[in-house]
Amino acid sequence: MDILDLSLYIFSGVRINGDISIFFHLGKGIRQGDPILPYLFLLVSDALSRILDHAVNGNVISRFKINRRCLTLTHLLFADDTILFGCAFRSEAQHLKRSLDDYIQFSRQCINLQKSDITFSGNMPDSVKQGVEYVLHIPNSGMLSKYLGSPFSSGRSKSQALNFLKDSIRAKLFSWKAKFLTMAGLEILIKVVIQAIPSYIISVFNLPNAKQAHKMLKNPDALWVKVIKGIYYPFTDFMSANQRSHPLWGWSSLIQGREVIRDSLRWNVSSPSFLNVWEEPWIPSLLGFKIASPRPRDSPIVYIADLIATRNQWDINILRAFFSIIECREIIKIPLRGCHKDPAMIWHHSHMGIPSVKAVYNRLKSKQQDHISTAQPSSS
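Overview of the structure.

Quick word on the pattern of salt bridges
No. 1: Inspection of the entire model under this criterion finds 6 salt bridges.
No. 2: The salt bridge partner of Arg262 is Glu259, with a shortest N-O separation of 3.1 Å.
No. 3: Given a relative accessible area of 34%, Arg262 falls into the partly exposed group.
No. 4: Of the charged contacts, one joins Arg329 and Glu330 as a salt bridge, the two residues approaching to 3.2 Å between their closest N and O atoms.
No. 5: By relative accessible area, which is 7% here, Glu330 ends up buried.

This is how it looks when you write it as structure tokens:
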């Protein structure tokens, strides 16, 4: 029994006045919006991944590698869209076509070739392009210039990459419908329609830079984070990475987001851990969230776990021996849980620990006001 056969044996019931009716058979199978659809999609997506991995292990399909330190890629899945990588050889295109045919036979899902497209590197000869297109029956039509409304690829110039936004706004303003609108109608067009055009692009490339930087810190094992690490900071961590000379503006935006949240990042400690007591920011109410007392020479205290007597109680004697009265008082305020939980890096000025756009804006505004007040000369 394959997935399509399984989908035909679906029974449903209807809740009427709190009681479930007799279950009945759905003659047309699963309908759009059925709760089981996401799980079936995961099954077929996993099947595609396994088929492609099998072809790679058999050395009939190549992996894509950005540089020597980056992860190699064969495919990326996002919702119901798939991006495949490979070398532009006719033989490899034939093996890829065979893998896709196996997937179609297994899942009984057809690939929409009319919505598919191929893109090649800039130095690829036309004869090679035509050969790959012929094997896969997929044209090189330029449809991959944008994905979900954002540029599929971009260079170092942000203004050039976002030129299409001006074209979209201009087309809306000078369309035949807009010509017949009154001034009040044009105002509504600008506020409701035109202002919404760049909203998704802004959400990807501009405002949530701090939020994306925080995600990189929270999820270092995510695929996209590993790819960025291999390109920009293979031998260090994100907090120590440099912007480098002539960087792409996407990386520059992440660095800017990191600097916005840097001074407000701290560890959320709730159980014994191996964080360095003297170097890491972990005390919520202290300046910089760090211990100010100097570390005594030959001190046996290194980790936060060394300060805890039991699983949910601080060792008061150790605290008094190595820290100031204020530091002891603030450390004791940190509640400890009975169960072990690894510390998490959070943004201090947000209740959820995540730097939202509003919270970051308010924080920047507060810092700006503090800077202005300290820069003004006193009246005395």
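On we go from here.
Observations regarding the nonpolar core
No. 1: One finds Tyr233, Trp251, Val277, Trp282, Trp314 and Phe323 to be the most contacted residues of the largest nonpolar core, which totals 39 residues.
No. 2: Of all the secondary structure elements, the ones that give two or more residues to this core are α10 (209-218), α11 (223-232), α12 (249-261), β11 (265-268), α13 (316-322), α14 (325-332), β14 (344-347) and α15 (357-375).
No. 3: A per-element tally of this core places α12 first, with 4 residues.
No. 4: Of all hydrophobic cores here, the second largest spans 17 residues; its members include Ile51, Leu100, Phe120 and Val132.

A few points about the packing of aromatic side chains
No. 1: Here the structure, examined in full by the defined rule, presents 8 aromatic pairs.
No. 2: Ring geometry for Phe274 and Tyr303: centres 5.4 Å apart, planes at 75 degrees, overall edge-to-face. Within this pair, whereas Phe274 is found in the loop between β11 and β12 (308-310), its partner Tyr303 is found in the loop between β11 and β12, the two being separated by 29 residues in sequence.
No. 3: On the basis of relative accessibility, which here comes to 70%, the residue Phe274 falls in the exposed class.
No. 4: Members of the aromatic cluster, joined through ring pairs, are Tyr232, Tyr233, Phe238 and Trp251.
No. 5: The ring centre of Phe238 lies 5.6 Å from the NZ or CZ of Arg258, which sits over that ring.

Rules used throughout
- Throughout, a residue's number is its position along its own chain's written sequence, starting from 1.
- Local features in a predicted model are, by the rule used here, given only for residues with pLDDT of at least 70; side-chain atom pairs are given and counted only at 80 or more, and totals for whole chains, interfaces and linings are based on all residues.
- As a rule here, side-chain values come from all non-hydrogen atoms in the structure, and water together with hydrogens is ignored.
- Salt bridges are identified by distance alone: a Lys or Arg side-chain nitrogen within 4 Å of an Asp or Glu carboxyl oxygen.
- When accessible area is computed with a 1.4 Å probe and restricted to protein chains, residues below 20% of their type maximum are described as buried, those above 50% as exposed, and intermediate ones as partly exposed.
- Put simply, a nonpolar core is a bunch of buried Ala, Val, Leu, Ile, Met, Phe, Trp, Tyr and Cys residues held in one set by side-chain atoms that sit within 4.5 Å of each other.
- Segments assigned H or I by DSSP are reported as helices when at least four residues long, segments assigned E as strands when at least two residues long, and all are numbered from the N terminus.
- The rule is short: rings of Phe, Tyr and Trp, with Trp giving its six-membered ring, pair when the centres are within 6.5 Å, and they are stacked under 30 degrees, edge-to-face over 60, tilted in between.
- In our convention, an over-ring charge means Lys NZ or Arg CZ found within 6 Å of a ring centre and within 35 degrees of that ring's normal.

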